[in-house]
Amino acid sequence: TSGASCSPNPCDASGACCSAGNCAQTTQSTCQGTFTVAGTCTPNPCTPLSDDCSNRQGLGLGTTPFDTTNATTDGPADALCLNAGSNQIGKDIWFNHPATFDGTLDIDTCGSSFDTKIAVYSGTGCTNFDTRIIACNDDAACPGANLQSKVTINVTAGEHYTIRVGGYNDAA
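Residues numbered from 1 in each chain as written. Predicted model: local features only at pLDDT ≥ 70, side-chain atom pairs only at ≥ 80, totals over all residues. Heavy atoms only, no water.

Concerning the layout of surface pockets
At step 1: What the largest pocket holds in volume is close to 380 Å³.
At step 2: Elements represented by at least two residues in the lining of the largest pocket include exactly β5 (90-98), β6 (103-108) and β10 (160-167).
At step 3: No other element matches β6, which puts 4 residues into the lining of the largest pocket.
At step 4: In terms of residue class, the lining of the largest pocket is built from 10 nonpolar, 7 polar and 2 charged.
At step 5: Volume-wise, the second largest pocket comes out at about 290 Å³.
At step 6: Taken together, 16 residues make up the lining of the second largest pocket; nearest its centre are G21, P48, L49, F66 and D67.
At step 7: Looking at the lining of the second largest pocket, its residues break down into 8 nonpolar, 7 polar and 1 charged. (1 Å grid on protein atoms, 1.4 Å probe; cavity = no way out; pocket = protein on both sides within 12 Å on 5 of 7 lines; lining within 4 Å. Points joined across faces, edges and corners; volume = space filled by probe spheres on them. Helix = DSSP H or I, 4+ residues; strand = E, 2+ residues; numbered from the N terminus. Nonpolar A, V, L, I, M, F, W, Y, C, P; charged D, E, K, R; others polar.)

Here is the structure:
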């Protein structure tokens, strides 16, 4: 404000800082991410780290927790993903899987708490998805539920696969 003084000077607002998908209450001068003046971290307002394809995380074998709550949709709709009138995967997050063996790979969201969709693309790029899509699923038969997703693909050691996980009709 004109004519006012702050202590410490210059004024250093407090709020929420989003960095690498995590939220911290901090001051604007110490935030090394996206800062929201007077923001709060409850609930977490940050987009997930792997919210866009170009920032996808590596994905090994085993169980990987995920959260698409604040994700945006940046992947394309695809006819292979059509189910119940929707061919889009909403609030998507992305992973890169470097195959370490020849064989089949199961990818699923069984146990998740919302209506999910999965798409898998060959290679590592974030373009030409329509020619690279290998599989897409919405509503697989998971134990105890039927709104989660599962795909099984053939993999080749040394090849990479781009995995997209999100929700039906922007579920998260």
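Past the structure itself, the notes keep going.
A look at the sheet that holds strand β3 (residues 34-37)
At step 1: Pairing is antiparallel in the open sheet, where 3 strands are placed in the order β2-β1-β3. The open sheet is flanked by β2 (22-27) and β3, the only strands paired with a single partner. Going across the sheet, the axis of each strand differs from the next one's by a mean of 30°, ignoring polarity.
At step 2: Relative to β2, strand β1 (residues 14-19) runs antiparallel, the two being bridged by 6 bridges. (Pairing = 2+ DSSP bridges. Axes fitted to C-alpha atoms, helices over the stretch in contact; angles between N-to-C directions.)

Details of the nonpolar core
If you look at soluble globular proteins, the nonpolar side chains tend to sit buried side by side.
At step 1: I107, I118, V120, I153 and I163 are the most contacted members of the largest nonpolar core, which has 16 residues in total.
At step 2: Elements represented by at least two residues in this core include exactly β5, β6, β7 (116-122), β9 (150-155) and β10.
At step 3: The residues contacting I153, other than those within four sequence positions of it, are G103, T104, L105, I107, V120, I134, A135 and Y161.
At step 4: Counting residues in hydrophobic clusters, the runner-up holds 9 residues, among them C81, W94, A119 and F129. (Core = buried A, V, L, I, M, F, W, Y, C linked by side-chain atoms within 4.5 Å. Buried < 20%, exposed > 50% of the residue type's maximum accessible area, 1.4 Å probe, protein only. Contact = heavy atoms within 4.5 Å.)

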